[in-house]
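# Notes for the structure review
The residues making up each chain are set out below.
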Amino acid sequence: MKENVRTLLRWVFGLAFIAAGINHFVNEDFYVAIMPPYLPWHEALVQLSGVIEILVGAAVLIPRLRPHSGWAAVATLLAVFPANVHMALHAEDFPDIPVYGLWVRLPLQLVMIAWAIWATRPPHAPSIPATAE
(Lines give C-alpha, C1' and ligand atoms only; values in the text may rest on other atoms or scores of the structure.)
Protein backbone atom coordinates (compact mmCIF):
# COMPACT_ATOMS: atom_id res chain seq x y z
CA MET A 1 0.00 0.00 0.00
CA LYS A 2 2.79 2.42 0.96
CA GLU A 3 4.56 1.95 -2.39
CA ASN A 4 1.26 2.47 -4.24
CA VAL A 5 0.92 5.88 -2.57
CA ARG A 6 4.52 6.75 -3.46
CA THR A 7 3.94 5.67 -7.06
CA LEU A 8 0.76 7.73 -7.32
CA LEU A 9 2.41 10.82 -5.80
CA ARG A 10 5.46 10.33 -8.02
CA TRP A 11 3.19 10.43 -11.07
CA VAL A 12 1.38 13.51 -9.75
CA PHE A 13 4.73 15.22 -9.16
CA GLY A 14 6.15 14.28 -12.57
CA LEU A 15 3.02 15.29 -14.47
CA ALA A 16 2.78 18.55 -12.49
CA PHE A 17 6.37 19.37 -13.44
CA ILE A 18 5.63 18.59 -17.09
CA ALA A 19 2.48 20.75 -17.00
CA ALA A 20 4.39 23.61 -15.36
CA GLY A 21 7.05 23.37 -18.06
CA ILE A 22 4.45 23.44 -20.84
CA ASN A 23 2.84 26.43 -19.16
CA HIS A 24 6.11 28.36 -19.62
CA PHE A 25 5.35 28.29 -23.36
CA VAL A 26 1.58 28.70 -23.18
CA ASN A 27 1.80 31.71 -20.81
CA GLU A 28 5.29 32.91 -21.59
CA ASP A 29 4.43 36.58 -21.01
CA PHE A 30 3.44 35.84 -17.39
CA TYR A 31 6.75 34.08 -16.68
CA VAL A 32 8.76 36.84 -18.36
CA ALA A 33 6.93 39.38 -16.15
CA ILE A 34 7.91 37.59 -12.94
CA MET A 35 11.60 37.45 -13.79
CA PRO A 36 13.73 39.52 -11.42
CA PRO A 37 15.12 42.52 -13.30
CA TYR A 38 18.72 41.69 -12.35
CA LEU A 39 18.60 38.50 -14.45
CA PRO A 40 19.45 38.80 -18.15
CA TRP A 41 17.72 37.14 -21.11
CA HIS A 42 14.27 36.82 -19.57
CA GLU A 43 12.61 35.12 -22.55
CA ALA A 44 15.45 32.66 -23.04
CA LEU A 45 15.53 31.80 -19.33
CA VAL A 46 11.77 31.25 -19.27
CA GLN A 47 12.01 28.93 -22.26
CA LEU A 48 15.01 27.11 -20.83
CA SER A 49 13.31 26.61 -17.47
CA GLY A 50 10.22 25.32 -19.28
CA VAL A 51 12.25 22.75 -21.19
CA ILE A 52 14.07 21.72 -18.02
CA GLU A 53 10.81 21.30 -16.11
CA ILE A 54 9.39 19.11 -18.88
CA LEU A 55 12.54 16.96 -18.99
CA VAL A 56 12.78 16.65 -15.21
CA GLY A 57 9.10 15.76 -14.93
CA ALA A 58 9.52 13.05 -17.55
CA ALA A 59 12.69 11.76 -15.86
CA VAL A 60 10.79 11.34 -12.58
CA LEU A 61 8.53 8.87 -14.41
CA ILE A 62 11.37 6.83 -15.96
CA PRO A 63 12.77 4.34 -13.41
CA ARG A 64 16.29 4.37 -14.88
CA LEU A 65 16.49 8.18 -14.60
CA ARG A 66 14.60 8.52 -11.33
CA PRO A 67 17.57 8.50 -8.92
CA HIS A 68 18.97 11.63 -10.55
CA SER A 69 15.64 13.26 -11.36
CA GLY A 70 14.89 14.11 -7.73
CA TRP A 71 18.06 16.15 -7.41
CA ALA A 72 17.41 17.76 -10.80
CA ALA A 73 13.95 18.75 -9.53
CA VAL A 74 15.49 20.22 -6.37
CA ALA A 75 17.97 22.22 -8.45
CA THR A 76 15.16 23.46 -10.69
CA LEU A 77 13.02 24.50 -7.72
CA LEU A 78 15.96 26.38 -6.24
CA ALA A 79 16.68 28.05 -9.58
CA VAL A 80 13.15 29.42 -9.92
CA PHE A 81 12.95 30.52 -6.28
CA PRO A 82 14.26 34.07 -6.98
CA ALA A 83 11.27 34.68 -9.26
CA ASN A 84 8.91 33.69 -6.43
CA VAL A 85 10.74 35.99 -4.01
CA HIS A 86 10.59 38.81 -6.57
CA MET A 87 6.84 38.33 -6.90
CA ALA A 88 6.30 38.40 -3.13
CA LEU A 89 8.41 41.52 -2.69
CA HIS A 90 6.68 43.31 -5.58
CA ALA A 91 3.07 42.24 -5.05
CA GLU A 92 1.84 45.51 -6.53
CA ASP A 93 3.08 44.28 -9.92
CA PHE A 94 0.79 41.24 -9.68
CA PRO A 95 -2.63 42.62 -8.70
CA ASP A 96 -4.49 39.52 -9.96
CA ILE A 97 -2.78 37.32 -7.36
CA PRO A 98 -3.63 37.74 -3.67
CA VAL A 99 -0.64 38.93 -1.64
CA TYR A 100 -0.94 36.00 0.76
CA GLY A 101 -0.74 33.66 -2.25
CA LEU A 102 2.57 35.18 -3.28
CA TRP A 103 4.01 34.64 0.22
CA VAL A 104 2.59 31.12 0.59
CA ARG A 105 4.49 30.09 -2.53
CA LEU A 106 7.80 30.57 -0.75
CA PRO A 107 7.46 27.85 1.92
CA LEU A 108 5.64 25.71 -0.64
CA GLN A 109 8.97 25.46 -2.46
CA LEU A 110 10.29 23.58 0.59
CA VAL A 111 7.33 21.20 0.40
CA MET A 112 8.02 20.65 -3.29
CA ILE A 113 11.71 19.98 -2.57
CA ALA A 114 10.82 17.42 0.12
CA TRP A 115 8.28 15.84 -2.24
CA ALA A 116 10.87 15.56 -5.02
CA ILE A 117 13.35 13.80 -2.75
CA TRP A 118 10.74 11.50 -1.19
CA ALA A 119 9.09 10.56 -4.50
CA THR A 120 12.33 9.71 -6.28
CA ARG A 121 14.32 7.86 -3.66
CA PRO A 122 14.58 4.08 -4.01
CA PRO A 123 11.69 2.20 -2.36
CA HIS A 124 13.99 0.37 0.01
CA ALA A 125 16.87 2.77 0.46
CA PRO A 126 19.58 1.09 2.51
CA SER A 127 19.95 2.25 6.05
CA ILE A 128 23.23 3.43 7.44
CA PRO A 129 25.09 0.37 8.70
CA ALA A 130 25.93 0.21 12.40
CA THR A 131 29.57 0.69 13.22
CA ALA A 132 31.46 -2.31 14.46
CA GLU A 133 32.96 -1.96 17.88
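The preceding data block contains the structure.
Nothing here was measured: the structure is a model prediction, and the numbers come from that model.

How each quantity is defined
Once a new chain begins, its residue numbering starts again from 1 and follows that chain's sequence as written. Residue-level local features of this predicted model are given only where pLDDT is at least 70; pairs of side-chain atoms are given and counted only at 80 or more, and the full residue set underlies all totals for whole chains, interfaces and linings. Side-chain figures throughout are based on the complete set of non-hydrogen atoms in the structure, without hydrogens or water. Secondary structure elements are defined from DSSP: runs of H or I of at least 4 residues count as helices, runs of E of at least 2 residues count as strands, and each element is numbered from the N terminus. By definition in these notes, contact holds between two residues if any of their heavy atoms fall within 4.5 Å. Within this scheme a cavity is a closed region of a 1 Å grid, computed over the protein atoms alone, that accommodates a 1.4 Å probe without allowing it to escape, whereas a pocket is open but has protein on both sides within 12 Å along at least five of seven lines; lining residues each have an atom within 4 Å of a point. Grid points are joined across faces, edges and corners, and a volume is the space filled by probe spheres set on the points. Each residue gets one label: Ala, Val, Leu, Ile, Met, Phe, Trp, Tyr, Cys and Pro are nonpolar, Asp, Glu, Lys and Arg are charged, and the others, such as Gly, are polar. Candidate patch residues must exceed 30% relative accessible area and have no salt bridge, after which like charges are joined if within 9 Å and Val, Leu, Ile, Met, Phe, Trp or Tyr side chains if within 5 Å. Where accessible areas are quoted, they stem from the Shrake-Rupley method and a 1.4 Å probe; at the residue level, only the protein chains shown are allowed to cover. For salt bridges, the criterion is a side-chain nitrogen of Lys or Arg within 4 Å of an Asp or Glu carboxyl oxygen. Fitted lines through C-alpha atoms give the axes, limited to the stretch in contact for helices. The angle between two N-to-C directions lies from 0 to 180 degrees. Every angle not falling under 35 degrees, over 145, or within 65 to 115 is termed oblique; those three ranges are roughly parallel, roughly antiparallel and roughly perpendicular. A crossing counts as left-handed when the near helix is turned anticlockwise from the far one by less than a right angle, and as right-handed when that turn is clockwise. Contacts described as polar in this section are N or O atom pairs within 3.5 Å, which, within protein, must combine one atom able to donate a hydrogen with one able to accept it, while residues neighboring in sequence count only if both atoms come from side chains. Multiplying 1.5 Å by the residue count of a helix minus one yields the expected span of that helix. Two aromatic rings, drawn from Phe, Tyr or Trp (for Trp, its six-membered ring), form a pair once their centres lie within 6.5 Å of each other, and the interplanar angle then sorts them: stacked below 30 degrees, edge-to-face above 60, tilted otherwise. Think of it in three bands: residues with accessible area under 20% of the maximum for their type are buried, residues over 50% are exposed, and the middle band is partly exposed, with areas taken using a 1.4 Å probe on protein chains only.

Looking now at the environment of Val-46. Inspection of the secondary structure assignment puts Val-46 in helix 3 (residues 42–61). Distance from Val-46 to Tyr-31, taken between C-alpha atoms, is 6.3 Å for residues 15 residues apart in sequence. Excluding residues that lie within four positions of it along the chain, Val-46 makes contacts with His-24, Glu-28, Tyr-31, Val-32 and Met-35.

If you add up the space inside the largest pocket, you get close to 650 Å³. Along the wall of the largest pocket there are 27 residues; nearest its centre are His-24, Tyr-31, Glu-53, Thr-76 and Val-80. When residues of the lining of the largest pocket are traced back to their parent elements, those giving at least two are helix 1 (2–26), helix 2 (28–33), helix 3, helix 4 (66–89) and helix 5 (99–120). Take the lining of the largest pocket: its biggest share by element is seven residues, from helix 4. Partitioning the lining of the largest pocket into residue classes produces 20 nonpolar, five polar and two charged.

It is worth spelling out a nonpolar patch on the surface at this point. Where nonpolar side chains cluster on the molecular surface, the patch consists of Tyr-100, Val-104, Leu-108 and Val-111 and spans about 410 Å² of accessible area. In this structure, Tyr-100 sits in helix 5.

Right, let's talk about the packing of helix 3 against helix 4 for a bit. Two measures define how a pair of helices packs: the angle their axes make with one another and the distance between the axes. Between helix 3 and helix 4, the shortest axis-to-axis distance is 8 Å and the interhelical angle comes to 150 degrees. Classed by the angle they form, the pair helix 3 and helix 4 counts as roughly antiparallel. Here helix 3 runs over helix 4; the crossing is left-handed. Together, Ile-52, Glu-53, Val-56, Ala-59, Val-60 and Leu-61 of helix 3 and Arg-66, Ser-69, Ala-72, Ala-73, Thr-76 and Val-80 of helix 4 make up the contact between the two elements. Its residues placed into classes, the contact of helix 3 with helix 4 shows eight nonpolar, two polar and two charged.

All right, on to the side chain of Ser-49 then. Structurally, Ser-49 can be placed in helix 3. Here the side chain of Ser-49 touches Val-46 through a polar contact of 2.9 Å, landing on its backbone oxygen.

Here helix 1 is 25 residues long and its end C-alpha atoms lie 36 Å apart, about the 36 Å a rise of 1.5 Å per residue gives. On the buried face of helix 1, the contacting elements are helix 2, helix 3, helix 4 and helix 5.

Attention now moves to the packing of aromatic side chains. The relative placement of two aromatic rings is captured by the distance of their centres and the angle of their planes. Within this structure, the stated rule accounts for three aromatic pairs. With a centroid separation of 5.0 Å and an interplanar angle of 25 degrees, the aromatic rings of Phe-13 and Phe-17 are classed as stacked. Of this pair, Phe-13 and Phe-17 both sit in helix 1, four residues apart, which is roughly one turn of the helix. Just as Phe-13 is buried, Phe-17 falls in that class too. Arranged with centres 5.3 Å apart and planes meeting at 85 degrees, the rings of Phe-30 and Tyr-31 form a pair that is edge-to-face.

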